Amino acid sequence: MFQGRYGHDRLNRTLFIAALALSVLSLLFSLLGVPVVSTAASVLSWVLLLAGVLRMFSRNFYARQQELTRYMRIENDVVLWWRRNFKSTDGGFRSRANNVRSFSRERRRFKYLVCPHCAQKLRVPRGKGKLRVTCTKCGYKFEAKS
Ligand SMILES: [Zn+2]
């Protein structure tokens, strides 16, 4: 049946997954009583499904491979964007949110100064009045309000 036909690839997989997701969305919106969105999702789902099936049975290997190359470029961009924005090296969105939270807590308790001599960043506790600060990097001493 698949002799001489293009068959399955990663773009088709994405098309079928998207079609499935859209048909679930369509059902959801019809249950929510929003028939316009439901119909639109259903139509789009069928379009994607049809596109996937037509690609599988296509004899034009060259055109299908061009599509796949273009698609993979987009998918890589999306994956990179996702990693940059939602995945930190220590794992997951939640720990990233925790990092932001603990950072802002730290900002409330400490004041950040810059050494006037070597521009080293220094942290001093807040609310201690005038402090005599010694730079940890170059040993320069200066006074700062905390
Ligand atoms: Zn310094």
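Structure: see above.
Calculation criteria
Residues numbered from 1 in each chain as written. Predicted model: local features only at pLDDT ≥ 70, side-chain atom pairs only at ≥ 80, totals over all residues. Helix = DSSP H or I, 4+ residues; strand = E, 2+ residues; numbered from the N terminus. Buried ≥ 20, exposed ≤ 12 C-beta atoms within 10 Å, placed from the backbone. Contact = placed C-beta atoms within 7 Å. Expected span 1.5 Å × (residues − 1). Arc of directions from axis to C-beta. Pairing = 2+ DSSP bridges.

> Is there a simple way to think about the overall build of the protein chain in this case?
If you tally the helices and strands in the protein chain, you get 4 helices and 4 strands. Counted from the first residue to the last, the protein chain has its helices and strands arranged as α-α-α-α-β-β-β-β. Counting all 146 residues of the protein chain, 8% fall into the buried class. Looking at the protein chain alone, contacts between residues at least 24 apart form 34% of all its contacts between residues at least 6 apart.

> Sorry, what's going on with helix H1 (residues 10–31) here?
Structural remark: α-helix, 3.6 residues per turn; residues separated by three or four positions point the same way. With 22 residues, H1 extends 32 Å between its outermost C-alpha atoms, agreeing within 8% with the 32 Å of an ideal straight helix rising 1.5 Å per residue. Among the residues of H1, Leu11, Asn12, Leu15, Ala19, Leu22 and Ser26 are the ones counted as buried. Take H1 and look down its axis: the buried residues cluster within an arc of 95 degrees, on one side only. Turned more than 90 degrees away from the buried face of H1 sit Arg10, Arg13, Ile17, Val24 and Leu31, all of them exposed. Where H1 is buried, its residues contact helix H2 (35–56) and helix H3 (61–86).

> Where do I start with the environment of Lys137 in this structure?
Take Lys137: it is sitting in the loop between strand E3 (130–134) and strand E4 (141–145). Taking the C-beta count within 10 Å as the criterion, Lys137 has 12 such neighbours and is therefore assigned exposed. With 20 residues separating them along the chain, Lys137 and His117 place their C-alpha atoms 9.9 Å apart. If sequence neighbours within four positions are ignored, Lys137 has contacts with Cys115, Cys118 and Gln120.

> How should the pairing of E4 be read in this particular structure?
Where a strand is regular, its side chains alternate between the two sheet faces. For E4, a buried count of 0 out of 5 residues is recorded, marking the element as mostly open to its surroundings. Sheet topology note: the E3/E4 ladder contains 5 bridges and is antiparallel. Residue pairing in the sheet places Leu131 in a bridge with Ala144 of E4. Once E3 ends, the chain turns through 6 residues before running back antiparallel as E4, passing Gly139 with a positive phi of about 80 degrees.

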